[in-house]
Amino acid sequence: MTPQEMVKTLATALADKQAREVRVLEVTDLTILADFFIIATATSTTHLRTLSDICEMTMKDLGEPPRHVEGHAGANWVLLDFGVVVVHLFLQETRAFYSLDRLWSDAKVWSEADL
């Protein structure tokens, strides 16, 4: 599965579960951490867990389980590392605090047409 296919699959799964403010940042030329970051907002801790679970299950079913998952214990954010794609899920206040959109403002932002 290509990184672009992973991004489209994950973004669709998040949209299907009503994630808010889903943003895809192409960071290939900015960091060695990943090629893409997907950032999304959950409306509650239950919603956050649902979004995390759907990303994990969707990719696991496609033979691409996450390499690492962080943040479940805190219940304000979750990070799922799929290697070339990293998914950042936040509650609204936590997303504003970390401000990854601003931190990675040099990244190319995918439009809805790209998805």
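Residue numbering note: each chain is counted from 1, following its sequence as written. It should be noted that, the model being predicted, local features are given only for residues of pLDDT at least 70 and side-chain atom pairs only at 80 or more, the latter also being counted only at that level, while totals for whole chains, interfaces and linings use all residues. The basis for every side-chain value is the complete set of non-hydrogen atoms in the structure, without hydrogens or water.

1. A word on the nonpolar core
Soluble globular proteins tend to pack their nonpolar side chains together in the buried interior. Each nonpolar core is a collection of buried residues, namely Ala, Val, Leu, Ile, Met, Phe, Trp, Tyr and Cys, held together in the definition by side-chain atoms within 4.5 Å. Each residue's exposure class comes from its accessible area (1.4 Å probe, protein chains only) as a fraction of the maximum for that residue type: buried when under 20%, exposed when over 50%, partly exposed otherwise. Ranked by size, the top nonpolar core spans 22 residues in total, and within it L10, L14, I38, V85, V87 and L89 carry the most contacts. Among the elements of the structure, α1 (3–16), β2 (36–42), α2 (45–61), β4 (77–81) and β5 (85–91) are those that each provide at least two residues to this core. Setting aside chain neighbours within four positions, we find L14 in contact with A19, V22, I38, A40, L51, C55, V87 and L89. Only runs of H or I of at least four residues qualify as helices and only runs of E of at least two qualify as strands under DSSP, and these elements are numbered from the N terminus. By definition, residues are in contact when any of their heavy atoms lie within 4.5 Å.

2. Topic: α1
For the α-helix, the turn length of 3.6 residues means that residues three or four positions removed from each other point alike. Each residue after the first adds 1.5 Å to the expected span of a helix. Compared with an ideal rise of 1.5 Å per residue, which puts 14 residues at 20 Å, α1 spans 20 Å between its outermost C-alpha atoms and is within 8% of the ideal. Positive phi appears at Q18, one or two residues downstream of α1, with a value of about 65°.

3. Description of the environment of E64
Inspection of the secondary structure assignment puts E64 in the loop between α2 and β3 (68–70). Along the primary structure E64 and K108 are separated by 44 residues, whereas in three dimensions their C-alpha atoms are 24 Å apart. Non-local contacts of E64, meaning those with residues more than four positions away in its chain, are made with M1, M6, M59 and F82.

4. Observations regarding the packing of aromatic side chains
Each aromatic ring pair is described using two quantities: the centre-to-centre distance and the angle formed by the ring planes. Planes of paired rings set the category: under 30 degrees apart is stacked, over 60 is edge-to-face and the rest tilted, where pairs are Phe, Tyr or Trp rings (Trp by its six-membered ring) whose centres lie within 6.5 Å. Within this structure, the stated rule accounts for 4 aromatic pairs. With centroids separated by 5.0 Å and ring planes inclined at 80°, the aromatic side chains of F36 and W110 adopt a geometry described as edge-to-face. With a gap of 74 residues between them, F36 in strand β2 and W110 in the segment after β6 (108–109) connect regions that are remote in the sequence. You can call F36 buried: its relative accessible area is 1%. Taking the relative accessible area as the measure of exposure, W110 reaches 12% and is therefore buried. Chaining the aromatic ring pairs together yields one cluster made of F90, F97 and Y98.

5. Concerning the sheet that holds β3
A strand pair is defined by DSSP finding two or more bridges across the two strands. Spatially, β3-β4-β5-β2-β1-β6 is the arrangement adopted by the 6 strands of the open sheet, whose pairing is mixed. Edge positions in the sheet fall to β3 and β6, since each has one partner strand and no second. In terms of strand pairing, β3 meets β4 through 3 bridges, oriented antiparallel. Bridging from a neighbouring strand, H68 pairs with D81 of β4. Where helices are involved, their axes are fitted lines through C-alpha atoms of the stretch in contact, as for all axes, and angles between N-to-C directions lie from 0 to 180°. Contacting β1 (20–26), β2 and β5, α1 crosses the sheet at an angle of about 5° to β2.

6. A short note on the side chain of T31
Assignment of secondary structure puts T31 in the loop between β1 and β2. Assessed through its relative accessible area of 17%, T31 is described here as buried. One polar contact links the side chain of T31 to the main-chain amide nitrogen of L33, over a distance of 3.1 Å. N or O atoms within 3.5 Å of each other form a polar contact, as long as, within protein, one can give a hydrogen and the other can take it, and as long as residues adjacent in sequence are counted only when both atoms are side-chain atoms.

7. Brief notes about the pairing of β5
Of all 7 residues in β5, 7 are buried; the element is thus mostly enclosed. Where burial is concerned, the two faces of β5 agree: the one with V85, V87, L89 and L91 and the one with V86, H88 and F90 are both buried. Looking at chain direction, β2 and β5 are connected through 7 bridges and run parallel. Opposite I39, over in β5, you have H88 as the bridge partner. In this sheet, β5 lies alongside β4 in antiparallel orientation, the contact comprising 5 bridges. Its bridge partner being in β5, L79 is matched across the sheet by H88. Adjacent in sequence and paired antiparallel, β4 and β5 are bridged by 3 residues, among which G83 carries a positive phi angle near 85°.

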